[in-house]
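Structural overview for review
Each chain, letter by letter, is given below.
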Amino acid sequence: MILIIGAGGQVGRELVEKLREKKGKEQVLATDIRALEDMEGPFEELNALDKDRLHELVEQYQVTEIYHLAALLSANAEKQVKFAWELNMDSLFYVLDLAKEGKIKKIFWPSSIAVFGPNTPRENTPQHTVTDPTTVYGISKLAGERWCEYYAKNYDVDVRSIRYPGLIGYKSMPGGGTTDYAVDIYHQALKEGKYECFLSENSYLPMMYMEDAIRATIELMEAPAENIKIKSSYNLGGISFSPQEIAAEIKKIIPDFEISYAPDFRQKIADSWPSSIDDQDAQNDWNWEIEYDLSKMSADIIKNLRKHYT
Ligand code: AKB
């Protein structure tokens, strides 16, 4: 049985759907801190900080794999620093320890481009480079990466991780990140015909279409263990674009669309992150290949959201 922690989040919803398609509905136990009324198939309420309940569920459902997705993202974490640190770190230890104790076999835990900071080379950021994050989210992801590698090397724990870029999908909304504008913009374009962006026009960030991100996650988890050479977290490049460029792409499909800019506190976070990422190691080790570029992604999102809004 596969257990997903944080099934109601932006990645969780789509991962549950895809894993159930692949492995069978009954093989994937979705959990979230809140009851998810619309979730079909096995579901249990679980607060990621409730270690006893986690142990109970692992035993009850004979869980062998955990995808641990619960976290406070970059913008929200800045507003609840202590809680973000507690949630992002303690819950990771609970899952790592389950594997160390031999109670589960495999873990997926997402890291982020937020592990990088102002002294990291911004263009084509290498896998191994300066990591000096300035946000509590980035600090917790970097510490988490170090712990994943530590557990892998010292306790033979099979934990796999990706440094997700900004993730963009139309099926679910992101919750409190710096890259959220790139999801919001499509909804506002269709609903209002205009969008006020909280980042400036030339803020280039690495992003990825959810289809690619979910496929990457599952491919990484299905790769033979001996191919997984990086035990901390793999860089994943995705597509690099600015608000101005995504707006231009939307305008090709919705010609009257207008964008304006009102940068807020998230600008500083964006400025500390890379603009593009080198993912050669993921390509070499588990044959990673991206499918969606900015225009293919935009066309797909707008086509699907149009159905939703009409
Ligand atoms: C965020 O903006 O916080 C996330 C991330 C890049 O990890 N989308």
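Details of the structure are given in the entry above.
Let me sum up the structure you'll find in this document. Just so we're clear, the structure is a prediction, and the values are computed from it rather than from any experiment. (Residues numbered from 1 in each chain as written. Predicted model: local features only at pLDDT ≥ 70, side-chain atom pairs only at ≥ 80, totals over all residues. Heavy atoms only, no water.)

1. Points about the sheet that holds strand 13 (residues 239–241)
Strand-to-strand pairing in sheets goes through backbone hydrogen bonds, with the strands running parallel or antiparallel. With mixed pairing, the 3 strands of this open sheet are ordered in space as 9-11-13. Either end of the sheet is taken by a strand with one partner, and the two such strands are strand 9 (166–168) and strand 13. Neighbouring strand axes in the sheet, compared pairwise and without regard to direction, differ in orientation by 40° on average. (Pairing = 2+ DSSP bridges. Helix = DSSP H or I, 4+ residues; strand = E, 2+ residues; numbered from the N terminus. Axes fitted to C-alpha atoms, helices over the stretch in contact; angles between N-to-C directions.)

2. Some details on the pattern of salt bridges
Considering all chains together, one arrives at 19 salt bridges under this definition. Residue arginine 53 is joined to glutamate 44 by a salt bridge in which the shortest nitrogen-to-oxygen separation is 2.9 Å. On the basis of relative accessibility, which here comes to 17%, the residue glutamate 44 falls in the buried class. A salt bridge links lysine 153 to glutamate 149; the shortest N-O distance between them is 3.7 Å. Residue lysine 153 and its partner glutamate 149 are located together in helix 5 (residues 136–155), separated by 4 residues, close to a single helical turn. The class of lysine 153 is exposed, set by a relative accessible area of 58%. Connected through salt bridges with shared partners, the residues Lys22, Lys23 and Glu222 form a single ionic network. (Salt bridge = Lys/Arg side-chain N within 4 Å of Asp/Glu carboxyl O. Buried < 20%, exposed > 50% of the residue type's maximum accessible area, 1.4 Å probe, protein only.)

3. Comments concerning the packing of aromatic side chains
A complete count under the given rule lists 13 aromatic pairs for this structure. Relative to tryptophan 147, the ring of phenylalanine 93 has its centre 5.0 Å away and its plane inclined at 65°; by these criteria the two rings are edge-to-face. Placement of the pair is phenylalanine 93 in helix 4 (residues 81–100) and tryptophan 147 in helix 5, with a sequence separation of 54 residues. The class of tryptophan 147 is partly exposed, set by a relative accessible area of 34%. (Phe/Tyr/Trp six-rings, centres within 6.5 Å; stacked < 30°, edge-to-face > 60°.)

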